Every structure is written in C-alpha cells, then in structure tokens.
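Residue-level structural notes
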Amino acid sequence: QVQLVESGGGLVQAGGSQRLSCAASGRTFSGYRMGWFRQAPGKEREFVAAILWSSGRTYYADSVKGRFTISRDNAKKTVFLQMNSLKPEDTAIYYCNAQNGGYDYWGQGTQVTVSS
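Overview of the structure. (Residues numbered from 1 in each chain as written. Predicted model: local features only at pLDDT ≥ 70, side-chain atom pairs only at ≥ 80, totals over all residues. Heavy atoms only, no water.)

1. Topic: the pairing of strand E4 (residues 33-39)
Put simply, the test is: Throughout, exposure labels follow a simple rule: accessible area from a 1.4 Å probe, protein chains only, divided by the maximum for the residue type, with under 20% read as buried, over 50% as exposed, and the rest as partly exposed. Helical segments are the DSSP runs of H or I of at least four residues, strand segments are the runs of E of at least two, and each set is numbered from the N terminus. Only when DSSP finds a minimum of two bridges between them are two strands counted as paired.
Extensive coverage of E4 is indicated by the burial of five of its seven residues. Pairing geometry for E4 and strand E5 (residues 46-52), over six bridges, is antiparallel. Following the sheet pairing, Trp-36 is matched in E5 by Ala-49. Two strands pair when backbone bridges link them, and E4 and strand E9 (residues 92-100) are joined in this way by seven bridges, in the antiparallel orientation. For Gln-39, the partnering residue across the bridge sits in E9 and is Ile-93.

Printed below as a string of structure tokens:
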C-alpha cells in the first residue's frame with residue numbers, strides 16, 4: 001500500500017550539494033522507520049541515513065556524518081536527504097526505504113553522480 005517516489009537526483013560537482021526527496025503515498029504509521037540506502041557501482045547496497053517518523057530521531061552511516069542530513073515533513077509525507085560536501089565516492093543509486101515490522105518498501109531509486 002505504501003508507495004515511495006524519489007526525486008532530486010542528478011549530476012553535481014565534487015564539493016557541491018544536492019537534495020533528494022522521497023514522497024510517500026498512503027498512510028504512514030507512527031512506528032515507521034524511513035531512510036535512504038545507496039548502491040555504488042561494484043559495491044553492495046549500504047545504509048545511508050534513517051529517521052523515525054514519530055520522534056524524528058535520526059541515524060547516519062559514519063561515511064556521511066557531518067555531511068548529510070535527513071529530515072521529514074509530516075504534512076507532505078516526504079523524507080529529505082540534504083547532501084553537502086559531496087565526494088565522487090558518493091556516486092550511487094539512492095533508494096528510499098520504509099520499514100515497519102515485517103513490512104519493507106522501496107522506491108525505484110534515483111541516480112546521483114558526483115564528478116571530480
């Protein structure tokens with residue numbers, strides 16, 4: 001029932017910034033954890049950031065701490081990922097994710113390419 005649609009991907013130069021959005025359709029329950037994963041060429045999919053919808057508590061991978069910020073808009077049912085000081089190694093397909101117990105939803109992914 002939950003559908004996730006990412007937007008905001010594209011090409012950016014190293015050191016630049018980019019903001020991703022994930023719009024969620026359907027009802028979002030208080031127990032949901034929403035976040036972002038990414039998969040770079042030749043690498044496994046990895047966790048980037050997450051936010052607990054009800055409390056707003058956030059979690060970050062060590063590789064992005066201090067550079068990325070995850071946030072949410074309750075009214076718009078949207079999760080954001082603000083990416084600053086981008087590095088070429090941030091190049092990946094970024095996926096929006098929503099989890100609630102046994103439920104696990106994924107967006108289609110959006111490509112982020114950071115040029116050096």
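2. Section: unusual backbone geometry
Residue Lys-77 is not a glycine yet carries a positive backbone phi of 50°. Tracing the sequence through the fold places Lys-77 in the loop between strand E7 (68-73) and strand E8 (78-83). With a relative accessible area of 31%, Lys-77 lands in the partly exposed category. Phi is positive for Ser-85, which is not a glycine, with a value near 50°. Within the secondary structure layout, Ser-85 lies in the loop between E8 and E9. For Ser-85, a relative accessible area of 41% translates into the label partly exposed.

3. Let's talk about the nonpolar core
Where we set the bar: Side-chain atoms within 4.5 Å link the members of a nonpolar core, which is a set of buried Ala, Val, Leu, Ile, Met, Phe, Trp, Tyr and Cys residues.
Residues Leu-4, Trp-36, Leu-81 and Tyr-94 are the most contacted members of the largest nonpolar core, which totals 29 residues. Elements that contribute at least two residues to this core include exactly strand E3 (18-25), E4, E5, E7, E8, E9 and strand E11 (110-115). Among the elements that make up this core, the one with the highest residue count is E9 (four residues).

4. Side note on the pattern of salt bridges
Pairs can form between side chains of opposite charge whenever their charged atoms are close. Counted only if it meets this: Salt bridge criterion: a side-chain nitrogen from Lys or Arg within 4 Å of a carboxyl oxygen from Asp or Glu.
Throughout the structure, instances matching the rule amount to four salt bridges. One salt bridge in this structure joins Arg-67 and Asp-90, with 2.8 Å as the shortest N-O distance. Of this pair, Arg-67 sits in the loop between strand E6 (58-60) and E7 while Asp-90 is found in the loop between E8 and E9, placing the two residues 23 residues apart along the sequence. The pair Arg-67 / Asp-90 is uniform in exposure class, with both members buried. The network of salt bridges with shared partners includes Arg-38, Glu-46, Arg-67 and Asp-90.

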